[in-house]
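Tertiary structure, described
This is what each chain is made of:
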There are 2 protein chains.
Amino acid sequence: MSYRIGLDISGGDFAPFEPLKGAELARKEFGAAVVLIGLKEDLEKAAKKENIDLRNFTFIEAKEKIGMAEPPAYSVRRKKESSIVIGRNLLKEREIDAFVSCGNTGAVVCAATLGIGLIEGVERPGIGVLLPTLKGICLLIDVGANIDPKPLHLFQYGIMASEYYSLVLNKSNPAVGLLNIGEESSKGPDFVKDTYQLFSNSSLNFTGNSEAKDIFLGKCDCIICDGYVGNVALKVSEGLSEAMGKFLLENVKGDFLGSLGLFFLKKALKRIRKITDYAEYGGAPLLGVDGVIIIGHGRSKSYAIKNAIKVAIQELSRDLNIKIKRRINEICQDSRIREILAP
Amino acid sequence: MSYRIGLDISGGDFAPFEPLKGAELARKEFGAAVVLIGLKEDLEKAAKKENIDLRNFTFIEAKEKIGMAEPPAYSVRRKKESSIVIGRNLLKEREIDAFVSCGNTGAVVCAATLGIGLIEGVERPGIGVLLPTLKGICLLIDVGANIDPKPLHLFQYGIMASEYYSLVLNKSNPAVGLLNIGEESSKGPDFVKDTYQLFSNSSLNFTGNSEAKDIFLGKCDCIICDGYVGNVALKVSEGLSEAMGKFLLENVKGDFLGSLGLFFLKKALKRIRKITDYAEYGGAPLLGVDGVIIIGHGRSKSYAIKNAIKVAIQELSRDLNIKIKRRINEICQDSRIREILAP
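Note that the coordinates shown come from a computational prediction; the quantities given were computed from them, not determined experimentally.

1. Topic: helix 11 (residues 302–317) of chain B
The end-to-end C-alpha distance of helix 11 of chain B, which contains 16 residues, comes to 23 Å, matching closely the 22 Å that a straight helix rising 1.5 Å per residue would cover. Note on helix 11 of chain B: the residue one or two positions beyond its end, Asp319(B), has a positive phi of about 50°.

Take a look at the structure:
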């Protein structure tokens with residue numbers, strides 16, 4: 001079966017060129033049926049420049065777009081003709097099977113949450129990002145959808161992350177850790193300690209508290225946290241790698257051997273730059289919403305966008321949301337869990 | 001005037017050798033009067049190995065030590081004869097003017113808070129760390145003392161950080177930012193939004209919300225956050241730089257030019273490693289406690305310990321705590337601030 005993947009071509013730092021190129025790559029590589037959503041002038045400009053035959057795509061016109069820096073809730077309410085709101089509507093009406101956007105993250109989350117509703121049993125959506133580690137990939141959730149979560153929300157992120165990891169990343173029973181400031185169960189803020197109780201009484205492969213330094217060392221497959229701290233963890237990593245790159249350049253100035261060394265290292269450094277580039281893994285899944293949504297990094301290039309489309313197809317073909325619904329209800333109805341959650 | 005700086009020689013990953021070497025460096029370089037506190041066997045072992053003349057130091061014996069992984073509150077209550085508790089007691093009784101320890105951070109904070117009390121007007125102590133950035137140094141506070149702060153606590157961290165920065169790091173009116181997930185004042189958890197109101201109505205040089213990626217880019221001199229998120233930001237940086245180092249080594253394996261490049265880059269990389277090594281800046285000041293306390297990184301070597309002693313002397317000679325008291329009371333008594341804080 002061919003899934004219809006809606007793609008926002010007017011969102012992201014390199015729109016519309018990179019999204020259109022990404023759509024073309026996905027079509028050529030694995031025959032994706034991409035529905036392009038965005039401004040007509042964007043579409044024509046990009047098709048002309050990239051020399052892409054638009055007859056291979058369906059196009060749904062948007063009359064406006066939401067900028068990367070616009071306030072999410074306000075712009076979603078006001079810009080009913082934007083590519084993000086139209087994409088959301090198409091997904092809601094099942095005119096498309098998934099929606100991929102590299103536009104304003106907050107607006108995508110807001111549009112999805114307000115308009116589509118959640119998977120039955122799920123309390124809050126969460127944004128998961130895939131980070132490369134020394135041992136594989138870490139799914140960190142949430143990185144900004146829910147900044148004031150209850151323990152049940154975090155617990156459900158763990159369930160959803162675990163399903164995602166086993167179905168999309170093909171590792172069953174992944175290790176789930178709770179982000180905290182120490183390994184002991186007595187550590188951390190109250191809502192984290194309460195979440196610990198839920199996890200440790202569940203059938204998930206819970207490995208306890210995980211310190212932030214363990215994220216990139218690859219000690220866990222999934223790491224669970226609230227959206228405020230997750231966002232900080234993600235952004236501090238981005239900032240540090242950017243700073244390190246600049247530091248490296250500054251530090252070899254006037255140092256002949258150093259400059260030569262840097263030149264020789266170019267290839268290795270290129271591979272390493274990917275260490276915090278989650279676009280590489282196809283963008284961030286918005287989990288919990290009753291529809292498949294992938295949020296690409298604003299800086300996504302065509303390669304990342306192609307991967308985002310691929311991940312959307314994987315989520316669909318493996319019935320991720322149906323299985324999340326089943327697992328959430330199974331685990332949250334367990335008597336031990338209900339007892340802990342009882343007021 | 002010569003200040004008596006108490007140094008825990010039985011705390012830290014490289015105790016007792018590195019602390020003793022650090023004390024000797026501080027004595028030789030700037031005539032510090034160091035009071036060594038720790039186990040007698042530790043002292044003798046280190047003096048012998050490092051060939052250091054103990055007649056240049058005062059020694060106060062401790063009968064036990066608190067391990068790096070022991071639960072802080074419990075061990076402080078139980079181990080009354082530990083170097084950390086004895087150091088705290090000496091500071092309380094003004095037998096020493098400052099206390100430096102590279103031991104169990106939680107235990108130092110706990111001992112200090114329980115036993116010494118806070119500067120008049122200060123509500124909670126906070127741990128500040130000094131991080132190198134592209135533009136200078138960033139003082140990030142709090143990184144773990146207070147995981148459930150009220151807006152007033154965060155606001156006071158800003159006041160204390162600002163004083164520290166101007167007195168110890170010699171930059172008056174430093175830029176103070178509030179760690180958040182976006183720049184707009186409407187972003188983030190409620191306690192952060194409420195803190196924003198306090199800052200923006202104060203006389204501090206408040207530059208608004210600061211995203212985590214800005215920490216290492218050096219957009220602010222001081223960045224304020226709660227201890228949970230600050231700890232995560234610090235630890236994720238440590239983890240990422242460790243992972244990057246390992247990644248680099250892995251990625252040049254079998255790559256002749258890459259390996260050669262790495263060899264040529266050695267010097268530059270060594271400088272860069274320091275980017276997250278706050279030990280370089282003499283350890284982390286515990287601000288708000290009515291006594292000068294510096295918490296060294298567990299991995300501190302003699303050079304870092306010497307710097308920690310130097311920072312302690314600077315805090316003392318510039319009357320940091322007296323000035324913090326004055327500023328806290330001045331700013332918190334301002335009518336606009338009192339109005340915001342009124343229940």
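2. Here we look at the nonpolar core
In summary, soluble globular proteins display a tendency toward joint burial of nonpolar side chains. Formed by 220 residues in total, the largest nonpolar core has its most connected members in Phe155(A), Ile215(A), Ile224(A), Phe155(B), Ile215(B) and Ile224(B). Sequence-distant contacts of Phe155(A), that is, excluding residues within four places in its chain, are made with Thr195(A), Leu198(A), Phe199(A), Ser202(A), Leu204(A), Ile331(A), Cys332(A) and Ile337(A). Formed by 10 residues, the second largest nonpolar core is a distinct cluster that contains Leu248(A), Val252(A), Leu265(B) and Ala268(B).

3. Digging into the sheet that holds strand 11 (residues 292–295) of chain A
Residues and elements named next belong to chain A. As summarised here, the arrangement of the 11 strands in space is 3-2-1-4-11-10-5-6-9-7-8, forming an open sheet in which the pairing is mixed. Taken across any chain shown, the strands that pair with only one partner, and hence form the sheet edges, are strand 3 (58–61) and strand 8 (206–210). Between one strand axis and the next, the sheet turns by 25° as a mean value, whatever way the strands run. Taken together, the two bridges between strand 5 (residues 126–132) and strand 10 (residues 284–287) define a ladder with antiparallel strand orientation. Directly across from isoleucine 127, in strand 10, lies its bridge partner leucine 286. Lying on the sheet, helix 6 (residues 151–168) is in contact with strand 5, strand 6 (137–141), strand 7 (176–179), strand 9 (222–224) and strand 10; it crosses strand 9 at an angle near 165°.

4. Here's the deal with the pairing of strand 3 (residues 58–61) of chain B
All names here are of chain B. Sheet topology places strand 2 (residues 33–38) next to strand 3; four bridges connect them, and they run parallel. Bridged to leucine 36 within strand 3 is phenylalanine 59. Once the chain exits strand 2 it traverses helix 2 (residues 40–50) before rejoining the sheet at strand 3, and the crossover so formed is right-handed.

5. Points about the relation of the copies chain B and chain A
Rotating chain B by 180° and moving it 0.0 Å along the rotation axis overlays it on chain A with an RMSD of 0.1 Å. What the superposition gives is, in effect, a two-fold axis relating one chain to the other. Across chain B, the rotation axis passes nearest the C-alpha of Gly261(B), at a separation of 1.6 Å. Of the interface residues in chain B, 100% have counterparts in chain A that sit at the interface too, so the contact is made through matching surfaces.

6. Details of the packing of aromatic side chains
Within this structure, the stated rule accounts for eight aromatic pairs over all chains. Here the aromatic rings of Tyr196(A) and Phe206(A) are separated by 5.2 Å at their centres, their planes lie at 80°, and the arrangement is edge-to-face. With Tyr196(A) in helix 7 (residues 190–200) and Phe206(A) in strand 8, this pair connects stretches of sequence that are 10 residues apart. Judged by its relative accessible area of 17%, Tyr196(A) is buried. Between Tyr228(A) and Phe191(B), the aromatic rings sit 6.4 Å apart at their centres with planes inclined by 90°, giving edge-to-face as the arrangement. Taken together, the residues span two chains, with Tyr228(A) in helix 9 (residues 227–252) and Phe191(B) in helix 7 (residues 190–200). Given the relative accessible area of 23%, Phe191(B) is considered partly exposed. Ring pairing ties together the aromatic residues Phe155(A), Tyr196(A), Phe199(A) and Phe206(A), which thus form one cluster.

What counts, and at which threshold
- Residues numbered from 1 in each chain as written.
- Chains lettered and ligands numbered in written order.
- Predicted model: local features only at pLDDT ≥ 70, side-chain atom pairs only at ≥ 80, totals over all residues.
- Heavy atoms only, no water.
- Helix = DSSP H or I, 4+ residues; strand = E, 2+ residues; numbered from the N terminus.
- Expected span 1.5 Å × (residues − 1).
- Core = buried A, V, L, I, M, F, W, Y, C linked by side-chain atoms within 4.5 Å.
- Buried < 20%, exposed > 50% of the residue type's maximum accessible area, 1.4 Å probe, protein only.
- Contact = heavy atoms within 4.5 Å.
- Pairing = 2+ DSSP bridges.
- Axes fitted to C-alpha atoms, helices over the stretch in contact; angles between N-to-C directions.
- Right-handed = clockwise from strand over helix to strand, strands pointing away.
- Least-squares fit on C-alpha atoms with pLDDT ≥ 70 in both.
- Phe/Tyr/Trp six-rings, centres within 6.5 Å; stacked < 30°, edge-to-face > 60°.

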